[in-house]
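# Coordinates in review
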Amino acid sequence: MAGGSGTRLWPLSRAGYPKQFLILSGNSSLFQQAADRLATLGAEDITVAAPLVVGNEEHRFMVLDQLREQRLTPGAVLLEPVGRNTAPAITLAALQALQAGSDPVLVVTPADQTVTDPDAFTTALQDAIRQASEGAIVILGITPDRPETGYGYIRSQAEGTGLRVEAFVEKPDAATAQRYLDEGAYYWNSGMFVLRASTWLKALQRFRPDIETATRAAFDARATDGAFVRPAKDGFAQVPSESIDYAVMERCPGSEFPLRMVPLDAGWNDLGAWEAVWQVAPKDDAGNASRGDAIITDSRNTLVHATSRLVSAVGLDNIVVVETPDAVLVADRSKSQDVKKIVNQLTASQRGEQNLHRKVHRPWGWYDSIDMGERFQVKRIMVKPGASLSLQMHHHRAEHWIVVSGTAEVVNGEKTILLTENQSTYIPLGQVHRLSNPGKVQLEIIEVQSGSYLGEDDIVRYQDTYGRN
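Overview of the structure.

Parameters at a glance
Residues numbered from 1 in each chain as written. Predicted model: local features only at pLDDT ≥ 70, side-chain atom pairs only at ≥ 80, totals over all residues. Heavy atoms only, no water. Helix = DSSP H or I, 4+ residues; strand = E, 2+ residues; numbered from the N terminus. Buried < 20%, exposed > 50% of the residue type's maximum accessible area, 1.4 Å probe, protein only. Contact = heavy atoms within 4.5 Å. Pairing = 2+ DSSP bridges. Axes fitted to C-alpha atoms, helices over the stretch in contact; angles between N-to-C directions. Core = buried A, V, L, I, M, F, W, Y, C linked by side-chain atoms within 4.5 Å. 1 Å grid on protein atoms, 1.4 Å probe; cavity = no way out; pocket = protein on both sides within 12 Å on 5 of 7 lines; lining within 4 Å. Points joined across faces, edges and corners; volume = space filled by probe spheres on them. Nonpolar A, V, L, I, M, F, W, Y, C, P; charged D, E, K, R; others polar.

### Examining the environment of Val-105
- Relative to the assigned elements, Val-105 resides in strand 3 (residues 105-108).
- Residue Val-105 is classed as partly exposed on the basis of its relative accessible area, which comes to 23%.
- Val-105 sits 231 residues away from Ser-336 along the chain, and the two C-alpha atoms are 36 Å apart.
- When neighbours within four sequence positions are excluded, Val-105 is seen to be in contact with Ile-129, Ala-132, Ser-133, Val-194, Leu-195 and Arg-196.

### Structural notes on the sheet that holds strand 24 (residues 424-427)
- Spatial ordering of the open sheet is given by 17-18-19-26-21-24, a layout of 6 strands whose pairing is antiparallel. Pairing within the sheet leaves two strands with one partner each, and these edge strands are strand 17 (359-362) and strand 24. Shown here is a sheet whose adjacent strand axes are inclined to one another by a mean of 20°, direction ignored.
- For strand 21 (residues 397-405) and strand 24, the ladder comprises 4 bridges, and the chain directions are antiparallel. Paired with Trp-401 across the strands is Thr-425, a residue of strand 24.

### Focus: unusual backbone geometry
- For the bond running from Trp-10 to Pro-11, omega is 10°, close enough to zero to count as cis.
- Backbone geometry places Arg-71, a non-glycine residue, at a positive phi of 60°.
- Assignment of secondary structure puts Arg-71 in the loop between helix 2 (60-69) and strand 2 (76-80).
- When its relative accessible area of 79% is taken as the criterion, Arg-71 is described as exposed.
- Unlike most non-glycine residues, Asn-301 shows phi in positive territory, near 50°.

### A short note on the sheet that holds strand 1 (residues 52-56)
- Read across the open sheet, the 4 strands follow the order 1-2-9-8; overall the sheet is mixed. Strand pairing shows two members of the sheet lacking a second neighbour, strand 1 and strand 8 (223-225), which therefore form its edges. Between one strand axis and the next, the sheet turns by 25° as a mean value, whatever way the strands run.
- Across 5 bridges, the pairing between strand 1 and strand 2 is parallel. Residue Val-54 lies in a different strand from strand 2, and its bridge partner there is Leu-78.
- Its contacts with the sheet place helix 2 against strand 1, strand 2 and strand 9 (228-230), and it is angled at close to 155° to strand 9.

### Section: the nonpolar core
- In terms of nonpolar packing, the biggest core is built from 55 residues, with Leu-24, Phe-31, Trp-274, Trp-364, Val-383 and Leu-435 touching the most fellow members.
- In terms of residues, this core owes the most to one element, helix 2, which gives 5 residues.
- Residues within four places of Trp-274 in sequence aside, it is in contact with Arg-8, Leu-9, Trp-10, Leu-12, Leu-24, Leu-303, His-305, Val-320, Val-322, Leu-329, Ser-336 and Val-339.
- Among the nonpolar cores identified, the runner-up in size contains 43 residues, and Val-54, Ile-90, Val-108 and Phe-193 belong to it.

### Focus on the layout of surface pockets
- Its boundaries defined by the atoms lining it, the second largest pocket holds a volume of some 1,300 Å³.
- Forming the walls of the second largest pocket are 42 residues, and the residues nearest its centre are Tyr-17, Phe-21, Lys-359, His-361 and Trp-366.
- Counting only elements with at least two residues in the lining of the second largest pocket, the list comes to helix 2, strand 13 (303-306), strand 17 and strand 18 (365-373).
- Considering each element in turn, the lining of the second largest pocket owes the most residues, 7 residues, to helix 2.
- Residues of the lining of the second largest pocket, tallied by class, amount to 14 nonpolar, 14 polar and 14 charged.

Listed below in structure tokens is the structure:
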């Protein structure tokens, strides 16, 4: 499940480039780590199929690019036209999984978690898969190591050689969380579930038939484009928004659907807020953690995340500092869950920092708006090998293109020309044009725009590889 916007990890996580696609720990994104973990679950009695990814339309090429980097090919990428929480998401995956005619076990996991002990993770998941293959619904419960108030809990009861789920418990206060830790029968809810595709659909039909019926109707009216599967937009908009927990899991105890739990003690963290990022990060003797170009002195238990420049901190205690080219966050670590309040204010005031970074990723590459002023804007543009921007025209701006590296094929009105390093061209206002990279290395150019209006919506697309015209 690769949807969601990760608002509590702003300003690094934005709606247009959310946390699951960011590198917050290790050398790969959280999404890539999740895909790699699931790809290694195979055993003599377990065959792992190509992954199903549920995400949204805007992130579809990020999904393919990041899986390609891990040399993984998805079975399908199911694109939600609107967000409807996790119950409809897993329903789409279950319906897709059943298309081959078999009834596979689904390992359902969010794409924004970290695990530091992959062997323990594999062992626990394989146990859960074997139980689910016999008809059980299995949830992964995280063995708690502290009285955490930011997670929901699962109360378990021994049953035979395993554990049965007795109840789900909402996020507790500090005293209650300490009691849960002392009693030992409570586990954190990981949001990871293992069950057969048909089992999920039967349980959903039992407890929330409205979600099952509406999601199935939208799926049946789907369109397919390569790896992309698009449920009908109007139909999916009618699906009730509900989580897996509320729709099904919390109703299973005492029902005809056995709900079991497998403990997971594998260094798990869901990185839901900057506090969690600090917890999993390497620290110095004073408890400080940093990433990027950071200098920390005379400080304790502080996180500094720098992305584009030197960030220095002096005399801080339990503080989070996150720097990006267009926004900086400074917060008390204990208040990191409240960063979403900042995002809500940005959304209410219709500011762009909620949605996009200064550097914006596109299917063909990216652009970085490095400077702007009255009647001008300067962008650095990267085009992937073999990729092409749309054939387009602007009503209100002209453009100068200077090739920094690579080879550019430029359609400029009636002419098509090749430009190499240090060569340039001028696109007059109103001229139909296109930029492509015919080479085998990345193309980088500097674009200088000038005109009376420089917004991204001043564009008329005539042809587009990515279906945007």
